[in-house]
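Residue-level listing of the chains:
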Amino acid sequence: MALLAAGAIRAQDSDTILLKNSGQTYTIVSQVKDPHEQEAFLDLYREEVPAERLRLAESFMKLYPQSWLLSQVYDAAARASIDLGQYALALDEARFSLRLMPENPTLLVLVANVEAQTKRFAAAQSSAREAIEYLDQFVNEANWDELRASAYFALGRTYAATNQLPEALQALNRASAWNRNDAEIFYLRALVELGLHQGMKAASDLTFVAGSSSLLDTKAQDQLRRMQLPAILPEREIGSRGDVPEGSPSVAIREGYAGSAACESCHAREHQTWRETGMANMLRVYQPQSVIGNFSAGSEFQGIRMGIDRRPYFEFQSRPGQWQRFRVDYTIGSKWQQGYATKLPDGSFHVFPIEYNSLRKAWVNYWEMIDPPGSERAVITDFPKLLPATNYQENCAICHTSQLMAAVDGARPMEHATFLEAGVNCEMCHGPSARHVKQMRAGQVVKKDAMEPPVDFRRIGNREGVRICAQCHRQTAVREIGKRREMNYSATTASFLPKTWSRNYDAFSRRAFYKDGRFRETTFIVEAFSRSACYRKGVAQCATCHAPHLAHASTNPTSLKYQDKPDELCLSCHASYRGHETEHTRHAAGSEGSRCVSCHMPRIVNALLFQARSHEIEIPRADLTERFGQSESPNACLLCHVDKDARWAERELQKW
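Details of the overall build of the protein chain
Looking only at helices and strands, one finds 28 helices and 18 strands in the protein chain. Its C-alpha radius of gyration of 28 Å places the protein chain within 12% of the 26 Å reference for a compact globule of 656 residues. Principal-axis analysis of the C-alpha atoms gives the protein chain an extent of 95 × 65 × 60 Å. Taken across its 656 residues, the protein chain has 49% of its residues classed as buried. Summarising the internal contacts of the protein chain: among those between residues at least 6 apart in sequence, 58% fall at separations of at least 24.

Right under this line is the structure:
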C-alpha cells in the first residue's frame, strides 16, 4: 500500500494514510530483538515437511512463550497438524492463534473445513462466515479468490450435511463462481442438485468432474452411469460471486454538497451542538478565541520560541542569532490537545511539531510521542525543512477535513489537496444534501431509503452505521483516489462512502498491540469494536453509545449518551441485568467496580497522555495475563486490585 506519511506504518500507526496499489511491504519479524528467536521463527517458516514443522513450532512455543510471534507460530502448527491428520490438535492450535489475532481469514477457512469434516457443523458455519467477512474487508492477496471459494465450500458442506439443501446450493454456487475449476465444489454441488431433483444440472456438473484429473473423476463417472442420462448435456452453470456492484450515483449524490451552513436553518439545535464537538473543530482557520496554547511572550520549548505578533507564531533558529518565523494559520483539535499549522504560498499546509496538551497545561513534541526513535520529523528544530511527513494534506486532512479532493497534477497529488470545509462537517456523516436542501425549501417531503442522503441514523443497521464512523476511526483503512479525485467521499457510486479496505494487521508496528493481541492505541477504535460480540452478533454500533448532537459538549467531550448513568449504555440491550447489577458485578452499587465499562471496557488504551477505554468489549480473563504479564495483557481486575496477581484474578473470574 502506498504510504503517504514517510515511515508511518513503522511509526505509531496513529498518523497514517494508506493508498491502494503502492507495493509497500513490511514484516513483524524485524521487530523481534532476540536474534535466536528471529532465526527460530524463520527456520519454522522455511520448513516444508509437516512433522518437522510441527516439531519446530512446538519447540518455539516452549522456548519463547511470551513472543510477539505466537499467533503466527500457532497458525503454522495448526496447518502442520491438519496436514498430519491431527484435527483435534489443529483446532486447539488454531483457536489460540485466532484468539491472539482473530482477523486471519486464511486460517479461518482451514478451520471451517476441518470443523465441517469432523462434523462440528455450527462451528464450521461460524468460521466460514467470519472468513468471508474478513476476505471482503481486507486488501486482496493473490490467493484470496480461492480462499473465498473454499469458505463458501465449507458453508455448502455444512448445509448439505444438515439437509439444508437450498442453502447448500446457494453457498456452492458462490464457491463455483470464485473457483471455476475445483472439481470438489462441482461434485458436491451435483449431489445437492440430485437431492433437489435437478438431475440435468447435476449431470452437467458430474460431466465436468468426470473429465477432470481430480481424485473424484471415477466417482463422477460411476454416478453418471447410474443416472443413465443422455450424452448431450447442458453446459455447467457458474454461480454468481455475490459481489455488490458499485452502482450508479443517485440524484442526491449527483447534485452534491450544500455545506454545513445550509443545515442550520432547519436543524438549528443539531447544528449548534455539532459546532461544539471536536469533529467540527478538528481544523479551524485561526481565530484568537480558538487558541488554547500558551504563546505569551518569552514562551519557549526545546529551542523553539513562541509569541504573538498580530497572530501567534513559532520561531526556529536557522543559525546562531538568526530566527525563522512561521505564523499560525490553522488550529487542529480542541479537546485534549491542540496542534497548529502554517499555510505556505503554494497552498500546502505544514503541521508544527509541538502541540499544546490541555491535560498537562504544557507543550509536547507530538511527533516524538507517536513516532519511533530516530523519526526525522521528531527533530523539531528541523521543521523549516518542510518535510513531506509534516504536510497536513498528506497526513491529516483525509480525516480532519470534509470532501477532500486530490490535486490534478504532480507526483504527489495529496500535497496540494483541497477541501470543501475544514473539520468534519454534517455531510461527512449524512452524505451530500444539496438536493435535500432544495426539496425542503420547495416544501417537497419525499420517502427515501435510510442510507439515501441525508442518512437517517435511526433507521440504518449497525454495519452501515459503523462504516460511516470508520471513515476516520479505522486506522487500517486503505484508500484510493476516486474517479473525480475524491479522497474521503464518492461522487460516482451508489454510496457516497468511498470503498476502503483494511491493511493486514501484520503490517503495523507491534506497539499498536499488546502481546495478547488486543489493540493498544485509540486510533484502532473501529478495529477493536468490530471484534466485540455486541457488534458481530448483536446490533451495537457507534451511535448506540455516542451522539454528536448532545448539549454541553465541553463537559461531555466523548459525546456519551447517558453520561450520568453510564450503565444504561449496556442495560438497554442487556436488560436482564437491570435491577441485579450488584449481584452480577459483586461490587458495591455506585462504586467504580460496579460499572459495566470497568470490567468490559477497561482503561488500557493509549490516547494523548491518558488511558482511554478499550472498545473490544470483552469478558475479562486472566490466563493470558499469567503468560504475558499485566503490562502486555492488562486484566481489568488488576487495574484496581493492584496488590493481587493474575492467578488470583483468574480464580475469581472463574466463579462468575
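Concerning the packing of helix α2 (residues 50–63) against helix α3 (residues 70–83)
The angle between the axes and the distance between the axes are what describe a pair of packed helices. It is the contact of α2 with α3, at a shortest axis distance of 8 Å, that shows an interaxial angle of 150°. When the interaxial angle is binned, α2 and α3 end up roughly antiparallel. Between α2 and α3 the crossing geometry is left-handed. Contacts from Pro50, Arg53, Leu54, Ala57, Phe60 and Met61 in α2 reach Leu70, Val73, Tyr74, Ala76, Ala77, Ala80, Ser81 and Asp83 in α3. By residue class, the composition of the contact of α2 with α3 is 11 nonpolar, one polar and two charged.

A word on the pairing of strand β6 (residues 311–319)
As judged from the five bridges shared by strand β5 (residues 304–309) and β6, these two strands associate in the antiparallel manner. Pairing of Met306 across the sheet is with Phe314, part of β6. Between β5 and β6, which pair antiparallel in sequence order, lie one residue; one of them, Arg310, sits at a positive phi of approximately 70°. Where β6 lies against strand β7 (residues 322–327), six bridges are found, and the strand directions are antiparallel. Counted as the bridge partner of Arg319 is Gln322 from β7. Counting the residues that bridge the hairpin from β6 to β7 gives two residues, and of these Gly321 lies at a positive phi of roughly 85°.

Some details on empty space enclosed by the protein
In total, this model carries two cavities of 30 Å³ or more according to the counting rule given. Of the pockets and cavities examined, the largest cavity occupies roughly 100 Å³. Ser67, Trp68, Leu70, Ser71, Gln72, Leu100, Met101, Arg510, Phe513, Tyr514, Lys515 and Gly517 together form the lining of the largest cavity. Of the residues forming the lining of the largest cavity, the biggest block, three residues, is contributed by α3. Residues of the lining of the largest cavity, tallied by class, amount to six nonpolar, four polar and two charged. Size it by volume and the second largest cavity reaches roughly 50 Å³. Lining the second largest cavity, in full, are Pro353, Glu376, Arg377, Val379, Ile380, Asp382, Phe383, Leu386, Leu387 and Thr390. Of the residues assigned to the lining of the second largest cavity, the class counts are six nonpolar, one polar and three charged.

Some thoughts on helix α8 (residues 165–178)
An ideal rise of 1.5 Å per residue puts 20 Å on 14 residues; α8 measures up with 20 Å between its terminal C-alpha atoms. Buried within α8 are the following residues: Leu165, Ala168, Leu169, Ala171, Leu172, Ala175, Ser176, Ala177 and Trp178.

Points about the packing of aromatic side chains
The tally for this structure, following the rule as stated, stands at 33 aromatic pairs. Aromatic side chains Phe295 and Trp363 sit 5.2 Å apart centroid to centroid with 85° between the ring planes, which places their arrangement in the edge-to-face category. With Phe295 in the loop between β3 (283–285) and β4 (300–301) and Trp363 in strand β12 (residues 362–365), this pair connects stretches of sequence that are 68 residues apart. Of the two residues examined, Phe295 and Trp363, each falls in the buried class. Geometrically, the ring pair formed by Tyr340 and Trp363 is tilted, given 6.0 Å between the ring centres and 50° between the ring planes. Taken together, the residues Tyr340 in strand β9 (residues 337–343) and Trp363 in strand β12 connect sequence positions 23 residues apart. By the burial criterion, Tyr340 is buried, and Trp363 matches it. Counting every residue linked through ring pairs, the aromatic cluster contains Phe295, Phe314, Phe316, Phe326, Tyr340, Phe352, Tyr356, Trp363 and Phe383. Here the guanidinium or amino end of Arg236 rests over the ring plane of Phe208, the centre of that ring lying 3.6 Å away. Over the face of the ring belonging to Tyr313 we find Arg325, whose NZ or CZ atom lies 3.8 Å from the ring centre.

Description of the packing of helix α1 (residues 35–46) against α2
It is at 9 Å that the axes of α1 and α2 come closest, and there the two elements cross at 160°. When the interaxial angle is binned, α1 and α2 end up roughly antiparallel. α2 is crossed by α1, and the crossing has left-handed handedness. Contacts from Glu37, Ala40, Phe41, Asp43, Leu44 and Tyr45 of α1 reach α2 at Arg53, Leu56, Ala57 and Phe60. By residue class, the composition of the contact of α1 with α2 is seven nonpolar, no polar and three charged.

Conventions and cut-offs
Residues numbered from 1 in each chain as written. Predicted model: local features only at pLDDT ≥ 70, side-chain atom pairs only at ≥ 80, totals over all residues. Heavy atoms only, no water. Helix = DSSP H or I, 4+ residues; strand = E, 2+ residues; numbered from the N terminus. Rg over C-alpha atoms; globule rule 2.2 N^0.38 Å. Buried < 20%, exposed > 50% of the residue type's maximum accessible area, 1.4 Å probe, protein only. Contact = heavy atoms within 4.5 Å. Axes fitted to C-alpha atoms, helices over the stretch in contact; angles between N-to-C directions. Parallel < 35°, antiparallel > 145°, perpendicular 65-115°, else oblique. Left-handed = near helix turned anticlockwise from the far one by under 90°. Nonpolar A, V, L, I, M, F, W, Y, C, P; charged D, E, K, R; others polar. Pairing = 2+ DSSP bridges. 1 Å grid on protein atoms, 1.4 Å probe; cavity = no way out; pocket = protein on both sides within 12 Å on 5 of 7 lines; lining within 4 Å. Points joined across faces, edges and corners; volume = space filled by probe spheres on them. Expected span 1.5 Å × (residues − 1). Phe/Tyr/Trp six-rings, centres within 6.5 Å; stacked < 30°, edge-to-face > 60°. Lys NZ or Arg CZ within 6 Å of the ring centre and 35° of its normal.

Note that every value here comes from positions in space, so none of it alone points to a role or purpose.
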